[in-house]
Structure formats: structure tokens, C-alpha cells
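Tertiary structure, described
So you can see what is in the structure, the chains are spelled out below.
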Amino acid sequence: MKLLIKGGRLIDPASGLDRIGDLAIAGDRVIALGAVSPDFTPERTIDAAGLVVAPGLVDLAARLREPGHEHEGMLESELAAAAAGGVTSLVCPPDTDPPLDEPGLVEMLKFRARKLSRCRLFPLGALTRGLAGETLTEMAELTEAGCVGFSQADTPIVNTLTLQRALQYAATYGYSVWLRPQDPWLGGGVAASGAVATRLGLSGVPVAAETIALGTIFELVRSTGARVHLARLSSAAGVELLRRAKAEGLPVTADVSINSLHLTDIDVGFFNAAMRLTPPLRQQRDRDALQAALAEGTIDALVSDHMPVSSDEKTLPFGEATPGATGLELLLGLALAWGEQRQLTLAQTLARITSDPVRVLGPSIGSLGSSAGRLIEGGVADVCLFDPAARWAVRADALVSQGKHTPFAFEISGFELAGRVQTTLVAGRVAFERSRR
Amino acid sequence: MSSPTTLNLDAQALYGALRQGVRSLLAAAPGTALVGIWSGGAWLAARLHADLALPGEPGVISSALHRDDFSERGLAAGGGTTKLPFAIDGQRILLIDDVLYTGRTIRAAINELYDFGRPASVALAVLVDRGGRELPIEPAFAAARITLAPAQRLSLARADDGRFSFACEEEGS
Amino acid sequence: MLSRRNPQLNRHGELIHLLSIEGLPKTVLTQMLDTAGTFLSVNDRDVKKVPLLRGKSVFNLFFENSTRTRTTFEIAAKRLSADVINLDIARSSTAKGESLLDTIANLSAMHADMFIVRHGESGAPYLIAEHCAPHVHVINAGDGRHAHPTQALLDMYTIRHFKGDFTQLTVAIVGDIVHSRVARSDIHALTTLGVPEIRAVGPKTLVPADLREMGVRVCHDMAEGIKGADVIIMLRLQNERMSGAMLPSAGEFFKHFGLTPDKLALAQPDAIVMHPGPINRGVEIDSAVADGTHSVILPQVTFGIAVRMAVMSTIAGNEA
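Residues numbered from 1 in each chain as written. Chains lettered and ligands numbered in written order. Predicted model: local features only at pLDDT ≥ 70, side-chain atom pairs only at ≥ 80, totals over all residues.

**A short note on the sheet that holds strand E2 (residues 59–61) of chain B**
Residue and element names in this part refer to chain B. The strand order across the open sheet formed by 5 strands is E2-E1-E3-E4-E5, and the pairing between neighbours is parallel. Of all the strands in the sheet, the pair left with one neighbour each is E2 and strand E5 (141–145). Direction aside, neighbouring strands of the sheet carry axes that sit 25° apart on average. Helix-sheet contacts for helix H2 (residues 40–51) involve strand E1 (33–37), E2, strand E3 (92–100) and strand E4 (121–129), and the interaxial angle to E1 is about 150°. Across the sheet, helix H4 (residues 104–114) is in contact with E1, E2, E3 and E4; its angle to E3 comes to roughly 150°. (Pairing = 2+ DSSP bridges. Helix = DSSP H or I, 4+ residues; strand = E, 2+ residues; numbered from the N terminus. Axes fitted to C-alpha atoms, helices over the stretch in contact; angles between N-to-C directions. Contact = placed C-beta atoms within 7 Å.)

**Focus: the environment of Leu79(A)**
All names here are of chain A. Locating Leu79 in the fold gives a position in helix H1 (residues 74–84). The spatial distance from the C-alpha of Leu79 to the C-alpha of Ala113 is 7.8 Å, given a sequence separation of 34 residues. With residues near it in sequence (within four places) discarded, Leu79 still touches Ala113, Leu116, Arg118 and Cys119.

**Remarks on unusual backbone geometry**
Residues and elements named next belong to chain A. In this structure, Pro67 follows Glu66 across a cis peptide bond, with omega equal to 0°. Summarising the element assignment, Pro67 is placed in the loop between strand E6 (57–59) and H1. A positive phi angle is found at Arg232, which is not glycine, with a value near 70°. Locating Arg232 in the fold gives a position in the loop between strand E14 (227–230) and helix H7 (236–248). Of note, Phe271 is a non-glycine position whose phi angle comes to about 60°, a positive value. Within the secondary structure, Phe271 is located in the loop between helix H8 (258–262) and helix H9 (284–296).

**What about helix H1 (residues 26–42) of chain C?**
Note on helix geometry: an α-helix contains 3.6 residues per turn, so any two residues three or four positions apart are oriented the same way. For H1(C), built from 17 residues, the straight-helix expectation of 24 Å at 1.5 Å per residue is met to within 8% by its first-to-last C-alpha distance of 25 Å. As for H1(C), its buried residues are in contact with helix H2 (67–79), helix H5 (149–163) and helix H11 (297–316) of chain C. (Expected span 1.5 Å × (residues − 1).)

**Considering the domain arrangement of chain C**
Residues and elements named next belong to chain C. For chain C, the domain assignment lists domain 1 (26–148 + 302–316) and domain 2 (149–297). Taking the mean C-alpha position of each, domain 1 and domain 2 sit 26 Å from one another. Of the residues lining the interface, 21 residues belong to domain 1; the matching set on domain 2 comes to 21 residues. Residue assignment for the side of domain 1 that touches domain 2 shows that the elements contributing at least two residues are H1, strand E4 (137–143) and H11. Partitioned by chemical class, the residues of the side of domain 1 that touches domain 2 number 10 nonpolar, 6 polar and 5 charged. (Domains from an automatic or database assignment. Nonpolar A, V, L, I, M, F, W, Y, C, P; charged D, E, K, R; others polar.)

**Concerning H9(A)**
Residues and elements named next belong to chain A. Taking 1.5 Å per residue, 13 residues should reach 18 Å; H9 reaches 19 Å between its end C-alpha atoms and fits that length. Buried within H9 are the following residues: Asp286, Arg287, Ala289, Leu290, Ala293 and Leu294. Summarising the axial view, the buried residues of H9 lie within an arc of 165°, below the 170-degree limit, and thus occupy one face. Facing away from the buried side of H9 by over 90 degrees, the exposed positions are Gln284, Arg285 and Glu296. At its buried positions, H9 is contacted by H7, strand E15 (252–257), H8 and strand E16 (301–303). Positive phi shows up at Gly297, right after H9, with a value of about 95°. (Buried ≥ 20, exposed ≤ 12 C-beta atoms within 10 Å, placed from the backbone. Arc of directions from axis to C-beta.)

**Re the environment of Glu72(B)**
Position of Glu72(B) among the secondary structure elements: in helix H3 (residues 70–73). Separated by 27 residues in the primary sequence, Glu72(B) and Val99(B) place their C-alpha atoms 22 Å from one another.

**Quick word on the interface of chain C and chain A**
By convention, interface size is frequently given as the accessible area that disappears when the constituent parts associate. Of the residues lining the interface, 25 residues belong to chain C; the matching set on chain A comes to 20 residues. Considering each element in turn, the side of chain C that touches chain A owes the most residues, 3 residues, to helix H4 (residues 124–131) of chain C. By residue class, the composition of the side of chain C that touches chain A is 11 nonpolar, 7 polar and 7 charged.

**What about the packing of H2(C) against H11(C)?**
Residue and element names in this part refer to chain C. Where H2 meets H11, the closest approach of the two axes is 9 Å, and the angle between their N-to-C directions is 60°. One finds that H2 runs oblique with respect to H11. In this structure, H2 crosses over H11, and the sense of that crossing is right-handed. Taken together, the residues of H11 that come into contact with H2 (itself represented by Thr72, Phe73, Ile75, Ala76, Ala77 and Arg79) are Gly304, Ile305, Arg308, Met309 and Met312. For the contact of H2 with H11, the class distribution of residues is 7 nonpolar, 2 polar and 2 charged. (Parallel < 35°, antiparallel > 145°, perpendicular 65-115°, else oblique. Left-handed = near helix turned anticlockwise from the far one by under 90°.)

**A few points about the interface of chain C and chain B**
In this assembly, 16 residues from chain C lie in contact with 14 residues from chain B. At the level of secondary structure, the elements contributing two or more residues to the side of chain C that touches chain B comprise H1 and H11 of chain C. Per-element tally for the side of chain C that touches chain B: the top contributor is H1(C), with 6 residues. Grouping the constituent residues of the side of chain C that touches chain B by class yields 4 nonpolar, 9 polar and 3 charged.

**Quick word on the sheet that holds strand E9 (residues 125–126) of chain A**
Where strands meet in a sheet, backbone hydrogen bonds hold them as pairs that are either parallel or antiparallel. Residue and element names in this part refer to chain A. With respect to topology, 6 strands assemble into an open sheet ordered E9-E10-E11-E14-E15-E16, the strand pairing being parallel. Every interior strand has two partners, whereas the edge strands, E9 and E16, have only one. Pairing between E14 and E15: 3 bridges, direction parallel. Paired with Leu230 across the strands is Ala254, a residue of E15.

Structural data, given as C-alpha cells:
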């Protein structure tokens, strides 16, 4: 289909493009950017006046809970939520049920996602079989099936020898290993160590749980040369270690979740289970360090860390509640809020959820990597049109996801998000469109 | 019928009449113990006890734990504590209160009394009976009988020097 | 971020649940102590019953076993003429997989008026208070490590009874503080009532540095912690809560942090010794001290019934 997007504010963070203009799409490609030839006869024209026309968002961490929750139609609803959030490519961790440690499971997942045409799905494969931390998975087979990297999700490998070997093996093929920096023994608490956890009598996770794990990971990266992506940094001390590792030239990248970026342990309030998250919310100083690190690029990407949990899993005493929160539909608004707080340009802000995540994925997404997260002529037509000024309250009925639990829910936070997705295009087709009033 | 807004009650004078009345009641039933209902009745009982040179000490009874309006009003803070320095079993009791109205406070006080034993008899003497009874309770002696509008609250006040006076307030003022 | 109004208080600032000492104004605490005094006299009468909670159903929901605390609440409720139902949760529906909230909903349907809740997870009573019917009151009988507000109130009553003025005291709390809900509630109550010096005494594994932020002085030396104290609160060494590697042995703990007569001699000559019970003789406290003249451990138990009567009757009379 030939599509013309007219009069929007075109932003391509990677090139610095930021101007009012038109975008022409034919099939699954962008054929003209900025000024469009009058010979172009579109079958449909979208009026983008007042809207930002950005590359489709790339979310490096969103759980779809499939395989495992097929009977709840999770894949359908969560990919629809992704589209509603302007996300056109997402990476999902392997801690499904069963975990993604077999090529057949990965192929099935990719196939089902492709049929829904809402969002491109890039699964991470399990680093060890069953995520048990003992035997390696067939990483080459899994990569052929479509995995873009390997991960242990939230179950760190206890045996350092095994971890070293897993990294060595992955390095053989140049595969990326995604690791949560969390010490298995120190990371068992339910809230971040500190005055709040002490006062509330909640078992704490000390910062050392993150820094010790980072130290181990960096040492192993030095000795194996493996490329590692650090998932969900949470502390100022962790940021400092990351900064030094990057200065040293280690092949590491990192992300931070929307939750850690905006919230602190004080937000737990009266044991609000919406704040039961992993990594746990830390203190003010940590939040400030994370915000600064994301701004300067030490942390490469902002992720939603989307986890659709049911009410049964959340209406429990704090320590028993399932950690996680819905996030796909909040990624844009919370990125914009952060960008505004740090006084960044819109292009700089959007880079952390478009071109920078693509850079993290590197060669693992093949030729798509040349244009995903970007708006360029000849590139894929993955586009997010949004109204930067539209305010909306995060309420259950405003969310497409089945996961309604989020710390940013209006009845908890009391504020509205600015930035509402109007239309999302994946490969030139409309994956989501909000009715205009 | 006294007008609701101008109340001309001389508490000191009425106390004098009460003292006379109590003296007569005690003469007719020797060995009776005085028990004042907290707080106004307790003040009166203390003064009566001293003025009539009675042996021992007067008791104080609080109706707080047996009130019948707990569900509506809750437990009021500072409702006084019952202190009965003598055995109740087989004892003749004269309850003293400042203002008798619906009779519910007296009922609660009698219930409280029964938590301590079985009195031989219980009589009541009050400073002012303002009518409006909602229970079958009658004083053996009242120094004054008046009528007030339901919205008016009458209570006894005691100055630092011990002088009694009446306070009359409109509910909701 | 907004935080909600303190769920323990209604719109008028009256107590409708007792979940924690934190956030309660000083006046609420002192009024509760005053009311407890009234109930103490009830326990001395022949007829130890008053009709305040007649017709009300008090459900003891103990998700964690505790015969002592449950019995005290039962006695207190019965002296207020309430009907008491004890629910042995461990062996009942929750063990069969019924969720906490389903259990609460079922009990509410049986016209419960008050839940006395003890639970192993910090914060559980808040969840219950949030989800039970509006007229139902919740009293926290201990949640995880977080709070044990009635214990703190009876501890404060004890201190006031024997020492009078809070504002001149030095109070030392000794033992397994990191796992202690009693310690946390005591610290909040002592600070609210104006105690100028509160010391937390114990080895580093049991007395976290973070405690300073609650307004206490952290001491890792018993002699330094006890010196000149007016009140010493000894905590039970809770074996079942320690996940190992926090202490080598009870013997070594007793040697350095146990309260013996010669350690006690470092405190004020008229110091009182308290303990929430049950005591571990020879572990945190020497028998000579537990049974000695400074010990007020038994009066604490008596005060405990009066304090719980005060809490239940005050709360039952306030509307949500």
C-alpha cells in the first residue's frame, strides 16, 4: 500500500533530522523523507499536523508470557499493547514456560507473532537448558531459529565456571549474552536495602548484590572477550562500575527500566505491591545517577521491562506478590518525561528508545539493523506517530495490555503522562490507530 | 417553666438544699455510703462527704464502660475511673449526680456498681432534675426541678476555689 | 508521587485500625495509655467483664502460631463481652490454596466485626485492612519483621507506670533487632513519646547500621549500650528467623550480649528490665535478672490485657 504521512515533525535521532515534512511509504519501505514528489499517488493520506513522526520504538525487554499463558491470549493482547505503545520491535526474555531453550519453541513463537503483524519479535534464547545454569543450550541452532542473544533472565548462574564457559562458547560465534547483574545469594530480598526496607521490615537487597555481580561479569568479559548486555541497572555504584568498564573498552552495553528511572523506595508507601519489582526500587541518589547515565549514554537504552501480572499475583502481602509491572504503553510517555527533566532535545530522548537499542542488538537482527529504529529513505517503514502534548491518565480501561498493574497508575501516582501514540506502522502496515476525536 | 435562654440557677444555693436533703436521707438510713457519678456528681459527693463529716471516703463511679451509646459515640477519652474504697456487697448506696435527665447515665452507673458486688439498696440524690426521662428512674431528692429544650446541655462547673456554677450550652454551638 | 492517607485513621483522625505505631500522633498514643489504665482496674474487680463489645465478633486470624499472644487477645476480647472465634489458618483453607483475600471475604460474610491478625509477611494486615468490608476493624498482632503495635503500647504503659516521664529517659533495646517487629514498634513509640536517648545494642549481624535513620544510637558493645540506662528491653533471640551464619552460638551471644547481674549493674540503680516474652533463660537473659527485683516482665503481661482491651474498645467505637 502507498501511504503518505503529511505535515508531521519528522525526527530521526540517529541522523539528527528534526523538521516538519512529509513521509512517503510504499510496501514495507520508506521511499521519501521530507519532501515528497508530487508524482507520488498515495492510497491513503494521514494528516500528521501537530504530531511527531518518529521511528517505531524498539523495546529491549518485554515479557509476553508465551509460551505459558496461551489460554489467556497473552501473545495477542501484549503485542497489541506493544503497537498501542508505538513499539514496533521488541526483545523478549527466555523465561517463558517452558523456557526458550529449544529451536522449535522459538520458531513457533516467531511464527505466531509474525501472523499477528503487530510488532517484530526478537526472542532471547536461554543460555542454559531449562535456565538451570548447568548445561549449555544449542546456541547456534537457537540463533538460526531467530534468537538475537542469550540470557538467564532473572535466574543468575551460580557456578562461575559454568558462566565463564557459557560466555566463552557464545564468544566463539560472536553471540551477545544478556545478564542481570544480581548476585544469587545477596539478591534474595524483596526490597532495596535502606531506611525504607528497615522501617517496613522487608528483607533487603544490598547494592553489593549488583556491584559484586558486575565485578564478576566484567572480569569474565575481560578473559573471554564475550559481548555482554547488562539488563536493568539499578544503582549509582553499578553505574560507576559500568562507566569504568566502558572507559576501559570492554564490549558491554546496558539498559535501565522505566521503573528504576522514575521511582524510589519511598514510593513503596504502605506496602504497595505495585512497587514489588525486580530489580527493587532504590534510593534518590541511585535514581539521579541512572537518569544522568542514560542521558550521557553510559546506559545505552531505556526499556519498559513489561511484565503483565494478574490481580491474583499482586493482591498479596508485599513479599509474596509477583514482581513486575505493565510497561509497553508507558515507555514513550516516561521516556519523554525523563527527557524533559534532563532538558534533552526530543531527538536525544527518542534515541534511547529507537536507534540506541538497535545499536545494542547489533548484527543479531541482520539487515534489519540498517534501518530499524531509524527513519531513512529505503529503510523499513516502522513508524510511530505520536502527539507529544496529549495528556492521559494511566487507568485500567486506558490500557490494552492484560497487565493492569503499574506503579504509574493514576490512582497511585496522581499524575498524567504526556505523549500519546496516534498511529503505529510496522512494515508499512497500520498496526495500531487511535480514533481521533 | 424557665426560659431556655435565661437560666437563673444559683449552684451554691442549690448545693445547700442538696446537703439538707442528703442529711435527711442519711438520717433515715444510717451507714449509707456516698458514691458520686464522675465528674459533677463526684465533686458534689466529695463536698457533701466533708460537710457532713462522714467516715471514710466517698466512692466515685464512672459510667463510661456501661454506656448504651458506645456504638454511636465510641469510647470517649477521659471518662473517669471508678474507685470504690469499700465493699459493695450488702452495702446501702446513695448515688450523687449533678444533672438528672434521661436516666441513662444512672442506669450505666448502677450496672457498673453491680460489677463490684450486690448492694443492699441504691438511692439517688441530684442537684437538678431537668425531666425528659427515658427510663424508669426517680431521685429520692432533687434540689431543683426545671425544664430545658432538648438541644440544651446543662452541666456543673467547679472553679479553682471550689465554688460551683452551672454551664448551659446549646448543642451545636 | 502521591501517598495515600494513613489507612489507620478515618477522616476525623480517629483510629479505625491498629496496624503500626508509625504515623500515629502522640495524642492517640497517650489517650490509649490513659484508657488502658481504666481497663486495668476492671481486671481487679470480681466481675471482670464490661459490655462494650457485646454482640461483636472478634476473629483471631493467626497465620503464624502464637498461643501467648492469641490467648491475651482472647482474654481481652472476652472481658469486653465480645464473641471470640479462633481461626487456625495453618491447617485450614489457606493451606489448601485459598488466597488470603478469599479467606478474608469468606470471614467477612460471616459477619466479623474485628480481625486480629498475625502474619509472617510484613505488610499483610495493610492488605487485609484495604480489602475487608468497611465496618470491619483490623488489629495487627504482629506482621513479619515490621510491627507489633499492641506490644509497643503495653511496653510504653509499663515504662510510664514505673518511670513516669518519658522525656528524661535512656532506653536500651538489646538483641535480635533486625528481625524484631517488637523493636521497630518500640522505637517508633519511644520516639513519638519523646524519649531522648534510644540505644540499639547487638552484634552487627543483628543490629543493622540503617537503624540510625529511625533515630537510635547503634551500639555493638553491651557495656557501652547498657551504661546508665533507665529501661532495658531484652529481645528474644529468634532461632527460627535466623537463616544461618548470623551468630555462631547462643553461648557466645550470651557471653557478650546476655543480661547478667554484673552487666545490669552498669545501668541506673533503679533501672527496669523488660522482655516481650517468651524468655530464653541463659541465652539473652540470666535467670537471676529475669526473676530479680529489676524485672517487670510479669507486670508487662498484666498490662498487656488492659492495653488490648483499650485498643479493641477504642477502635470498635470509631466509624470508618
